[in-house]
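An overview of the molecular structure
What follows is each chain in one-letter form.
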Amino acid sequence: MAINAHGGGILHFNEIKSGETYLPEANQEWGGTRVNLTGISCYSSQDLLNWKFRGNVLHSVEDNSEHDLYWENVAERPKVIFNAMTGMFVMWLHIDSMDYSKARVGVASSSSPIGPFDYLSSFRPNNQMARDLTVFVDDDDEATAYLLTSSEDNAVMHISQLSDDYLAVRTDLPFHRVFIGRYMEAPTLFKSQGFYYFIGSGCTAWEPNAARSAVAKSIDGPWRELGNPAIGPDSNNTFSSQSTFVLPMDGSNRQGRFIFMADRWVKDDLASSRYVWLHLSSTKIAQ
Ligand code: GLA
């Protein structure tokens, strides 16, 4: 998902979940239901209420079983960032095999915010497993971007710096291992008043759990966990949802007004999964 500053609109990228939900033999033990891969959709809006469907911007592949986007595989958690230096929109997404053993990131790019995106490649950043992910562009002069990946079989979150064109991971720099042994998924990252904030989930497949949050002065850490940022009835399962993105409402000012966006998965019928959007105040979670 990316904020597109042009015209004051935002772009919203999603895994397309359509067709029948089924439980592959290999995923029986952990309940990993799936739908066949269709692609990544894009919607645009200028007011967050009215949305225009911009189509399937990264199609699955029907006839090449070696391709990452083959319909039997997994492509999840697409995130798009704009690179001002190259003028390209860069999509990062979780690429996996049906049984989630491949554990890679995929990269695609497009000269247009509404695609179509060219699929470039998949790999394991720093030769480390990567499943749920997000990308974040900092507000420094260089617009440094970072990739967060659930790694080490989801036990540890890795933070890696991206190359200047956002198409690769900087392997000349160390990556950072954070939330060690905490099994965090569904990472989101945002910045407010000079602090970096993280919201993610625990690791319970499509079942909701209590969200986690953390704050850091430097993106490399140390990160201090702040507990569940959800409050009130049903906050113990984040109102039956799992984090996916935090949208800043003040553009680059980042003054502390955000929308917390989450998926309300329906594990036996993934195509009917819905969304939860909530007001998020960074002053509240910083207390
Ligand atoms: C978790 C992840 C999702 C997806 C499912 C699969 O919910 O956050 O992105 O991989 O598990 O079960």
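It should be emphasised that the depicted structure is a prediction, and the values quoted were computed from it without experimental measurement. (Residues numbered from 1 in each chain as written. Predicted model: local features only at pLDDT ≥ 70, side-chain atom pairs only at ≥ 80, totals over all residues. Heavy atoms only, no water.)

Quick look at the environment of proline 187
Locating proline 187 in the fold gives a position in strand 13 (residues 185-192). The buried category is assigned to proline 187, whose relative accessible area is 1%. Taking the C-alpha atoms as reference points, proline 187 and phenylalanine 245, separated by 58 residues in sequence, lie 7.8 Å from one another. Once residues lying within four places of it in the same chain are set aside, the contact partners of proline 187 are Asp132, Leu133, Thr134, Leu148, Met157, Phe198, Ile199, Gly200 and Thr244. (Helix = DSSP H or I, 4+ residues; strand = E, 2+ residues; numbered from the N terminus. Buried < 20%, exposed > 50% of the residue type's maximum accessible area, 1.4 Å probe, protein only. Contact = heavy atoms within 4.5 Å.)

A word on the nonpolar core
Core analysis: the biggest nonpolar cluster contains 18 residues, and Phe13, Leu58, Leu69, Met91, Leu93 and Phe117 have the highest contact counts within it. Looking at this core, the elements with two or more residues in it are strand 2 (10-15), strand 3 (39-45), strand 4 (52-59), strand 5 (74-83) and strand 6 (88-96). Considering every element that reaches this core, the biggest residue donor is strand 6, with four residues. In this view, phenylalanine 117 contacts Phe13, Val57, Leu58, Val80, Phe89, Met91, Ala108, Ser109, Ser110 and Ser112; residues no more than four positions away in its chain are not counted. If you look at the next biggest cluster of nonpolar residues, it comprises 15 residues, including Leu148, Ile159, Val178 and Ile219. (Core = buried A, V, L, I, M, F, W, Y, C linked by side-chain atoms within 4.5 Å.)

A short note on the pairing of strand 7 (residues 104-110)
Extensive coverage of strand 7 is indicated by the burial of six of its seven residues. As paired strands, strand 6 and strand 7 are joined by seven bridges and run antiparallel to one another. Each residue of the ladder has a partner; that of histidine 94, found in strand 7, is valine 105. Of the strand pairs in this sheet, strand 7 and strand 8 (residues 118-123) are connected by five bridges, and their pairing is antiparallel. Across the sheet, valine 107 pairs through a bridge with serine 121, a residue of strand 8. (Pairing = 2+ DSSP bridges.)

A word on the packing of aromatic side chains
Pairs of aromatic rings are described using the distance from one ring centre to the other and the angle between the two planes. Counting across every chain of the model gives 14 aromatic pairs. Seen from their ring centres, phenylalanine 13 and phenylalanine 117 are 5.8 Å apart, and the 90° between their planes marks the pair as edge-to-face. Taken together, the positions of phenylalanine 13 in strand 2 and phenylalanine 117 in the loop between strand 7 and strand 8 put the pair 104 residues apart, joining distant regions of the chain. Like phenylalanine 13, the residue phenylalanine 117 is buried in the burial classification. Centre to centre, the rings of phenylalanine 179 and phenylalanine 198 are 4.7 Å apart; their planes meet at 45°, and the pair counts as tilted. Here phenylalanine 198 lies in strand 14 (residues 195-201) and phenylalanine 179 lies in the loop between strand 12 (176-178) and strand 13, a separation of 19 residues in the sequence. Note on phenylalanine 198: relative accessible area 1%, which makes it buried. What links up through ring pairs into an aromatic cluster is the set Phe179, Phe198 and Trp223. (Phe/Tyr/Trp six-rings, centres within 6.5 Å; stacked < 30°, edge-to-face > 60°.)

Structural notes on the pattern of salt bridges
Tallied over the entire structure, the rule returns twelve salt bridges. A salt bridge links arginine 182 to glutamate 225, with the shortest nitrogen-to-oxygen separation between them at 2.7 Å. One end of the pair, arginine 182, is in the loop between strand 12 and strand 13; the other, glutamate 225, is in strand 16 (residues 224-225), and 43 residues separate them in sequence. Residue classification places glutamate 225 among the partly exposed residues on the basis of a relative accessible area of 31%. Salt bridges here are not isolated pairs; linked through shared partners, they connect Glu15, Lys17 and Glu76. (Salt bridge = Lys/Arg side-chain N within 4 Å of Asp/Glu carboxyl O.)

Things to note about the sheet that holds strand 19 (residues 274-281)
Strands sit in the order 17-18-19 across an open sheet of three strands; the sheet is antiparallel. With partners counted over all chains shown, the strands left at the sheet margins are strand 17 (242-248) and strand 19, one partner each. Direction aside, the axes of adjacent strands within the sheet are offset by 25° on average. Bridging between strand 17 and strand 18 (residues 257-264) involves six bridges; their strand directions are antiparallel. Bridged to glutamine 242 within strand 18 is aspartate 263. (Axes fitted to C-alpha atoms, helices over the stretch in contact; angles between N-to-C directions.)

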